[in-house]
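Fold and geometry: a report
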Amino acid sequence: MLKPVTLKLTAFLDAITEWIGRTISWLTLFMVLTVVLVLMLRNWFDLSAIALQESVTYMHASVFMLGAAFALKHNDHVRVDVFYQNFSARKKAFVNIAGFLFLLLPVCLFIFIYCKDYVLFSWALSEGSNQPGGIPLMYLLKTLLLAMPILLIIQGFADSLKCVSFLFGWSDSPDFIESANDGEHSHV
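Residues numbered from 1 in each chain as written. Predicted model: local features only at pLDDT ≥ 70, side-chain atom pairs only at ≥ 80, totals over all residues. Heavy atoms only, no water.

Digging into the packing of helix H1 (residues 2-45) against helix H4 (residues 138-167)
The N-to-C vectors of H1 and H4 enclose an angle of 145 degrees; their axes lie 9 Å apart at closest approach. H4 is crossed by H1, and the crossing has left-handed handedness. Across the interface between the two elements, Thr6, Leu7, Leu9, Thr10, Leu13, Asp14, Thr17 and Ile20 of H1 pack against Leu151, Ile154, Gln155, Phe157, Ala158, Asp159, Leu161, Lys162 and Ser165 of H4. Among the residues making up the contact of H1 with H4, the classes are represented as nine nonpolar, five polar and three charged. (Axes fitted to C-alpha atoms, helices over the stretch in contact; angles between N-to-C directions. Helix = DSSP H or I, 4+ residues; strand = E, 2+ residues; numbered from the N terminus. Left-handed = near helix turned anticlockwise from the far one by under 90°. Contact = heavy atoms within 4.5 Å. Nonpolar A, V, L, I, M, F, W, Y, C, P; charged D, E, K, R; others polar.)

Written out as structure tokens, the structure reads:
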């Protein structure tokens with residue numbers, strides 16, 4: 001009974017992270033196009049487009065903050081694995097669960113709790129840009145401070161469930177454990 005629920009929940013949480021990551025990845029293209037447009041407007045037409053310039057910051061922050069969970073899902077974070085690389089798949093699964101419970105989860109909870117009042121205050125003020133003609137949605141940008149830890153917790157929980165499923169023999173070794181063995185990613 002627990003096996004199908006765990007596997008379905010893991011697939012659902014992974015799907016959320018995958019959809020968000022693939023969607024926001026398009027912002028990198030729009031960032032480049034926006035920077036080119038801002039430079040053309042400034043240099044060819046002597047126009048200053050504050051909102052366009054600020055939109056690059058909004059897009060960059062979105063890619064970084066919302067893409068962190070996507071990077072975690074695909075094992076693209078830098079890790080120091082002097083010992084980890086030599087561990088068995090089972091030991092790696094235990095390390096990943098412990099890493100989530102004792103490192104990722106507390107840090108994400110700290111970030112969320114520490115930033116919550118700051119973000120709520122920004123929403124209460126309907127805070128906008130301090131530049132004339134800027135984007136009047138600064139509170140949305142600051143909301144990313146809460147979205148990032150939530151998404152990291154979701155993906156960390158999904159990865160931990162994959163490890164639990166593997167340890168109970170309900171599934172094969174998770175991809176992020178296998179990729180650590182085959183040297184697919186560079187490690188420090």
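So, the UniProt feature "transmembrane region" (unreviewed entry) in the chain
The feature "transmembrane region" (unreviewed entry), as given by UniProt, occupies residues 24-44, 56-72, 93-114 and 134-154 in the numbering adopted here. With 100% helix and 0% strand, residues 24-44 has its two end C-alpha atoms placed 30 Å apart. Helix makes up 100% of residues 93-114 and strand 0%, with an end-to-end C-alpha separation of 30 Å. (UniProt positions renumbered as here; feature names shortened; annotations may be inferred.)

As for helix H2 (residues 50-73)
For an α-helix, the turn length of 3.6 residues means that residues three or four places apart are oriented alike. Its 24 residues place the ends of H2 35 Å apart at the C-alpha level, agreeing with the 34 Å of an ideal helix rising 1.5 Å per residue. The axis of H2 is deflected most strongly, by about 45 degrees, at Gly67. Backbone geometry just after H2 places Asn75 at a positive phi near 55 degrees. (Expected span 1.5 Å × (residues − 1). Bend = angle between axes of the 7 residues up to and from the residue.)

Things to note about the packing of aromatic side chains
A full pass over the atoms with the stated rule returns four aromatic pairs. Between Phe168 and Trp170, the aromatic rings sit 5.1 Å apart at their centres with planes inclined by 20 degrees, giving stacked as the arrangement. A residue is classified by how much of its surface remains accessible, and Phe168, at 59% relative accessible area, is exposed. The lysine or arginine in question, Lys91, covers the ring of Phe87, its NZ or CZ lying 5.0 Å from the ring centre. (Phe/Tyr/Trp six-rings, centres within 6.5 Å; stacked < 30°, edge-to-face > 60°. Buried < 20%, exposed > 50% of the residue type's maximum accessible area, 1.4 Å probe, protein only. Lys NZ or Arg CZ within 6 Å of the ring centre and 35° of its normal.)

A closer look at a nonpolar patch on the surface
A cluster of nonpolar residues, Val32, Val36, Leu37, Met40, Trp44, Phe45 and Leu47, forms a patch on the protein surface that exposes about 710 Å² of accessible area. Relative to the helices and strands, Val32 is located in helix H1. (Patch = residues over 30% accessible without salt bridge, like charges linked within 9 Å, V, L, I, M, F, W, Y side chains within 5 Å. Areas by Shrake-Rupley, 256 points an atom, 1.4 Å probe, with all protein chains shown as cover. Salt bridge = Lys/Arg side-chain N within 4 Å of Asp/Glu carboxyl O.)

A closer look at unusual backbone geometry
Of note, the phi angle at Asp46 is positive, near 55 degrees, even though the residue is not glycine. Following the sequence through the fold, Asp46 ends up in the loop between H1 and H2. One non-glycine residue, Ser126, adopts positive backbone phi at about 50 degrees. With respect to the helices and strands, Ser126 occurs in the loop between helix H3 (89-125) and H4. Classification of Ser126 as partly exposed rests on a relative accessible area of 48%.

Structural notes on the state of the cysteines
Counted according to the given criterion, the structure contains zero disulfides. Summary of cysteine pairing: Cys108 is not part of a disulfide, and the nearest cysteine sulfur, belonging to Cys115, is at 11 Å. Taking relative accessible area as the criterion, Cys108 reaches 1% and is therefore assigned buried. By relative accessible area, which is 11% here, Cys115 ends up buried. (Disulfide = S-S within 2.5 Å.)

Quick word on the nonpolar core
If you look at the biggest cluster of nonpolar residues, it comprises 15 residues, and the most contacted ones within it are Ile20, Leu66, Leu141, Leu144, Met148, Leu151 and Leu152. When residues of this core are traced back to their parent elements, those giving at least two are H1, H2 and H4. Counting residues per element, this core draws most heavily on H2, at six residues. With residues near it in sequence (within four places) discarded, Leu66 still touches Ile20, Ile24, Ala61, Leu144, Ala147 and Leu151. Listed in part, the eight residues of the second largest apolar core include Ala93, Cys163, Phe166 and Leu167. (Core = buried A, V, L, I, M, F, W, Y, C linked by side-chain atoms within 4.5 Å.)

Thoughts on the environment of Leu27
Relative to the helices and strands, Leu27 resides in helix H1. As for Leu27 and Val63, which are separated by 36 residues in sequence, their C-alpha atoms are 6.8 Å apart. Those residues within four positions of Leu27 in sequence are excluded, and the remaining contacts are Met59, Ser62 and Val63.

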